[in-house]
Amino acid sequence: MAKAYIFLADGCEEVEALTPADLFRRAGITVSTVSIMGSQTIEGAHKIKFKADQLYMDTDFEDGDLFMLPGGMPGTKNLADYSPLIQLLKDKNNEGKRLAAICAAPALILGEHSFLDGKKAVCYPGMEEKLLKAEVHTEPVITDGNITTSRGVGTVIDYSLELIRLLKDERTAQEIKKSIVY
């Protein structure tokens, strides 16, 4: 069974963090939400508080198939500034594991840390200059190799369905799409 880790920080975009977790679980993908904040309680960009499944420092990521980054401010900046996470992403990228980022995260994390060199990518409109050395696109979601990027809250369902397709299969993605009346 596929395993996804979704990284959370105070100021993250709640919809971009929780919608994929919900849809992945409906698809039978094991999901762990992981706080980098030293506390399981996260306060999102819109002051919604919720609880992560676990703390970064208490997690062994060896079983992960997907490492996902929501956007939102200052959540994306908090994730980008957490050096253990950046090193983990570099290691997992080198292993060919799947990385995914939405909204500001493709630009401020993947772009600024050279994950997107020569890859097609999208991000929140207006942040494209931070997609350093990437081939910038405007589709709602795009996958290039092991990296999937998406533009923001309005594209989160397409993003989640694309990741379900990649982690499971097209049939499961279509079943989830139908079940949520999308």
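Residues numbered from 1 in each chain as written. Predicted model: local features only at pLDDT ≥ 70, side-chain atom pairs only at ≥ 80, totals over all residues. Heavy atoms only, no water.

A. Representation of unusual backbone geometry. The omega torsion of the bond from Met73 to Pro74 falls at 5°, within 30 degrees of zero and hence cis. Structurally, the position occupied by Pro74 is in the loop between strand 6 (66-69) and helix 2 (75-80). For Lys133, which is not glycine, the phi torsion reads 60° and is therefore positive. With respect to the element layout, Lys133 can be found in the loop between strand 8 (120-121) and strand 9 (135-136). (Helix = DSSP H or I, 4+ residues; strand = E, 2+ residues; numbered from the N terminus.)

B. Inspection of the UniProt feature "domain: DJ-1/PfpI" (unreviewed entry) in the protein at higher detail. Per the UniProt entry, the sites bearing "domain: DJ-1/PfpI" (unreviewed entry) are residues 3-165 in this numbering. In the segment residues 3-165, helix accounts for 29% and strand for 25%; the C-alpha atoms at its two ends are 14 Å apart. (UniProt positions renumbered as here; feature names shortened; annotations may be inferred.)

C. Inspection of the pairing of strand 6 at higher detail. Burial of the side chains of strand 6 extends over both faces: Leu66 and Met68 are buried on one face and Phe67 and Leu69 on the other. Sheet analysis places strand 1 (residues 3-8) next to strand 6, joined by 3 bridges and oriented parallel. Counted as the bridge partner of Ile6 is Met68 from strand 6. With 4 bridges connecting them, strand 6 and strand 7 (residues 98-102) associate as parallel partners. Bridging from a neighbouring strand, Leu66 pairs with Arg98 of strand 7. (Buried < 20%, exposed > 50% of the residue type's maximum accessible area, 1.4 Å probe, protein only. Pairing = 2+ DSSP bridges.)

D. Spatial organisation of the nonpolar core. Grouped together as the largest cluster of nonpolar side chains are 31 residues, with contacts concentrated most on Phe7, Leu69, Leu89, Ile109 and Leu110. The element that contributes the greatest number of residues to this core is helix 4 (residues 105-111), accounting for 5 residues. Not counting chain neighbours up to four residues away, the residues in contact with Phe7 comprise Val34, Tyr56, Phe61, Phe67, Met68, Leu69, Pro70, Leu79, Leu85 and Leu88. If you look at the next biggest cluster of nonpolar residues, it comprises 28 residues, including Ala2, Leu8, Ile29 and Met68. (Core = buried A, V, L, I, M, F, W, Y, C linked by side-chain atoms within 4.5 Å. Contact = heavy atoms within 4.5 Å.)

E. A look at the pattern of salt bridges. Following the criterion strictly, the structure yields 11 salt bridges and no others. Arg25 is paired through a salt bridge with Asp53; the nearest N and O atoms lie 2.9 Å apart. Of this pair, Arg25 sits in helix 1 (residues 14-26) while Asp53 sits in the loop between strand 4 (49-51) and strand 5 (54-55); the two residues are 28 residues apart in sequence, bridging distant segments of the chain. Given a relative accessible area of 36%, Asp53 falls into the partly exposed group. (Salt bridge = Lys/Arg side-chain N within 4 Å of Asp/Glu carboxyl O.)

F. Structural context of helix 3 (residues 83-94). Look at helix 3: 17 Å from first C-alpha to last across 12 residues, which is about the 16 Å you get at 1.5 Å a residue. Residues Leu85, Ile86, Leu88, Leu89 and Lys92 constitute the buried set of helix 3. Considered in projection along helix 3, the buried side chains sweep an arc of 160° and stay on one side of the axis. Turned more than 90 degrees away from the buried face of helix 3, the exposed residues are Ser83 and Asn94. Just past helix 3, the residue Gly96 takes up positive phi, approximately 80°. (Expected span 1.5 Å × (residues − 1). Arc of directions from axis to C-beta.)

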